[in-house]
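This is what each chain is made of:
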Amino acid sequence: MTIYNPQGTHDKYTEVDRHFDPKSEVYTGADSLITAQRNGWKLVNIAYEERVTMRSGRYATLYYFKLTRSDNKMIMPIIANPFIERMLISRRMLIKSLTERANQEIIGQTIEMAAVRVHEG
């Protein structure tokens, strides 16, 4: 069944708070990004894209978003979905490949987050 939604909004999807914790999640959904913004985090106007190869030659795309609040910074990896794709276009965000980065900030933080998860288990 198709639901008629001419505004292209997902009201119920965006109303639910979803906490993101890099120590327990490799990536998250757009609802975590919306919750963070509602809680005062500001989105930097650039996203880094990484294609992750899956089995059988399929792939998934992760977008790494940088958020700031006061002096705090956070990297939030989000799996691609239509909501995120529309947001990237509507905000005219600059999208770069993760491998094109000039410094190792995002990769380093992601590796650090993964190491924390491995050692805590």
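The structure displayed is predicted, hence computed values, not measured ones.

Parameters at a glance
Residues numbered from 1 in each chain as written. Predicted model: local features only at pLDDT ≥ 70, side-chain atom pairs only at ≥ 80, totals over all residues. Heavy atoms only, no water. Helix = DSSP H or I, 4+ residues; strand = E, 2+ residues; numbered from the N terminus. Buried < 20%, exposed > 50% of the residue type's maximum accessible area, 1.4 Å probe, protein only. Areas by Shrake-Rupley, 256 points an atom, 1.4 Å probe, with all protein chains shown as cover. Phe/Tyr/Trp six-rings, centres within 6.5 Å; stacked < 30°, edge-to-face > 60°. Core = buried A, V, L, I, M, F, W, Y, C linked by side-chain atoms within 4.5 Å. Contact = heavy atoms within 4.5 Å. Pairing = 2+ DSSP bridges. Polar contact = N/O pair within 3.5 Å; in protein donor to acceptor, adjacent residues only side chain to side chain. Axes fitted to C-alpha atoms, helices over the stretch in contact; angles between N-to-C directions. Parallel < 35°, antiparallel > 145°, perpendicular 65-115°, else oblique.

Novice: When you look at the overall build of the protein in this model, what are you seeing that I'm missing?
Specialist: Scanning the protein from terminus to terminus reveals four helices and four strands. Shown N-terminal to C-terminal, the secondary structure of the protein runs as helices and strands in the order α-α-β-β-β-α-β-α. With 121 residues in all, the protein has 32% of them scored as buried. Surface exposure of the protein reaches about 8,300 Å², of which carbon and sulfur atoms provide 53%.

Novice: How should the packing of aromatic side chains be read in this particular structure?
Specialist: The description of an aromatic ring pair uses the distance of the two centres, along with the angle that the planes make with each other. Using the criterion set out here, one finds one aromatic pair in the structure. On the numbers, 6.4 Å between centres and 45° between planes, the contact of Y63 with F65 is tilted. No difference in accessibility class separates Y63 from F65, as the two residues are buried.

Novice: Would you explain the nonpolar core in this entry?
Specialist: Generally speaking, nonpolar side chains in soluble globular proteins are found buried as a group. The biggest cluster of nonpolar side chains holds 17 residues, and the ones touching the most others in it are L33, F65, L67, M76, I84, M87 and L88. The set of elements that each furnish at least two residues to this core consists of α2 (30-38), β1 (42-53), β2 (59-69), β3 (72-79) and α3 (82-90). Discounting residues that sit within four places of it in the chain, L33 has contacts with L43, L67, M76, I78, I84 and M87. Y48, L62, Y64 and L98 belong to the second-largest nonpolar core, a separate cluster that totals six residues.

Novice: Can you walk me through the pairing of β1 in this structure?
Specialist: Working note: regular strand, side chains alternate between the two faces of the sheet. For β1 and β2, the ladder comprises nine bridges, and the chain directions are antiparallel. When the sheet's bridge partners are listed, K42 is paired in β2 with T68. Here β1 pairs with strand β4 (residues 94-97) via four bridges, running parallel. Pairing of A47 across the sheet is with I95, part of β4.

Novice: Please explain the environment of R38 as it appears in this structure.
Specialist: Within the secondary structure, R38 is located in helix α2. In this structure the C-alpha to C-alpha distance between R38 and D17, which are 21 residues apart in sequence, comes to 9.0 Å.

Novice: Can you help me understand the side chain of N81 in this one?
Specialist: Within the secondary structure, N81 sits in the loop between β3 and α3. At 3.0 Å, the side chain of N81 and the backbone nitrogen of F83 are in polar contact. Side-chain polar atoms of N81 contact the backbone nitrogen of I84, separated by 2.9 Å.

Novice: Explain the packing of α2 against α3 to me, please; I cannot follow it from the model alone.
Specialist: Packed helix pairs are specified by the crossing angle of their axes together with the interaxial distance, meaning the distance between the axes. For the pair α2 and α3, the least separation of the axes is 9 Å and the interaxial angle reads 50°. One element, α2, and the other, α3, form an angle in the oblique class. For the pair formed by α2 and α3, the contact residues are A30, L33 and I34 on the first element and F83, I84 and M87 on the second.

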